[in-house]
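Structural description and commentary
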Amino acid sequence: MKWLTFFFALFIILIIILADMGKLGILRVINQIPYGDKAGHFILYGILTLLLDLTLFRARPASSPNLLVFRIALILALIIGLEEYSQQFFAKRTVDLVDLFFSYLGVIFFSWVALKIKR
């Protein structure tokens, strides 16, 4: 599970780097779908959240699941917020608070899913 989580995180980082460089290629099609990038934010960050939660549930079985999920969500919220803020420094990117909202919504929803799976 930890390798899947690691490679999925790398996948998201690659998408961010390609977007910063304006070289998304075939992934640019998603932006042509109405609200496609919003769904992408929700799904990608949500899946990352779920994978991190499930990985840490296994790695720290004695820890409180609620506390683990809360900590992961806070850390991801900070990282996601910084990444969205950093977009203002790239010509091919724009800061979008709606994107940030959907990213956070994905973190919240998939945190809830992880807790449901754990129980």
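Our subject in this report is the structure included herewith. (Residues numbered from 1 in each chain as written. Predicted model: local features only at pLDDT ≥ 70, side-chain atom pairs only at ≥ 80, totals over all residues. Heavy atoms only, no water.)

Details of the nonpolar core
Grouped together as the largest cluster of nonpolar side chains are 12 residues: Phe8, Ile12, Ile16, Tyr45, Leu48, Leu51, Ile72, Ala73, Leu76, Ile80, Leu100 and Val107. The element that contributes the greatest number of residues to this core is helix H4 (residues 65–86), accounting for 4 residues. With near-sequence residues (within four places) excluded, Ile72 lies in contact with Leu52, Asp53 and Leu56. Grouped together as the second largest cluster of nonpolar side chains are 9 residues, Leu50, Phe57, Leu68 and Val69 included. (Core = buried A, V, L, I, M, F, W, Y, C linked by side-chain atoms within 4.5 Å. Buried < 20%, exposed > 50% of the residue type's maximum accessible area, 1.4 Å probe, protein only. Helix = DSSP H or I, 4+ residues; strand = E, 2+ residues; numbered from the N terminus. Contact = heavy atoms within 4.5 Å.)

Quick look at a nonpolar patch on the surface
On the surface, Trp3, Phe6, Phe7, Leu10, Ile13, Ile17 and Met21 cluster together into a nonpolar patch covering about 720 Å² of accessible area. Within the fold, Phe7 resides in helix H1 (residues 2–21). (Patch = residues over 30% accessible without salt bridge, like charges linked within 9 Å, V, L, I, M, F, W, Y side chains within 5 Å. Areas by Shrake-Rupley, 256 points an atom, 1.4 Å probe, with all protein chains shown as cover. Salt bridge = Lys/Arg side-chain N within 4 Å of Asp/Glu carboxyl O.)

A short note on the side chain of Asp20
Mapped onto the fold, Asp20 is located in helix H1. Take Asp20: its relative accessible area is 14%, and that puts it in the buried class. Among all residues touching Asp20, those that are not within four sequence positions of it are Glu83, Phe90, Lys92 and Arg93.

Thoughts on helix H5 (residues 97–118)
Its 22 residues place the ends of H5 31 Å apart at the C-alpha level, agreeing with the 32 Å of an ideal helix rising 1.5 Å per residue. Looking at the buried residues of H5, the elements they touch are helix H3 (36–59) and H4. With a side-chain oxygen lying 2.9 Å from the backbone nitrogen of Val98, the N-terminal cap of H5 falls on Asp96. (Expected span 1.5 Å × (residues − 1). Polar contact = N/O pair within 3.5 Å; in protein donor to acceptor, adjacent residues only side chain to side chain.)

Observations regarding the pattern of salt bridges
Close approach of charged atoms allows side chains of opposite charge to pair. Taken as a whole, this structure holds 5 salt bridges when the rule is applied. Note that Lys38 and Asp96 form a salt bridge whose closest N and O atoms lie 2.8 Å from each other. With Lys38 in helix H3 and Asp96 in the loop between H4 and H5, the pair connects residues that are 58 residues apart, well separated along the chain. Using a relative accessible area of 12% as the deciding quantity, one classes Lys38 as buried. Look at Asp96 and you get partly exposed, because its relative accessible area is 22%. A salt bridge links Glu83 to Arg93; the shortest N-O distance between them is 3.7 Å. Note that Glu83 is positioned in helix H4 and Arg93 in the loop between H4 and H5, a separation of 10 residues in sequence. There is no split in this pair, since Glu83 and Arg93 are both buried. Salt bridges here are not isolated pairs; linked through shared partners, they connect Asp37, Lys38, Asp96 and Asp99.

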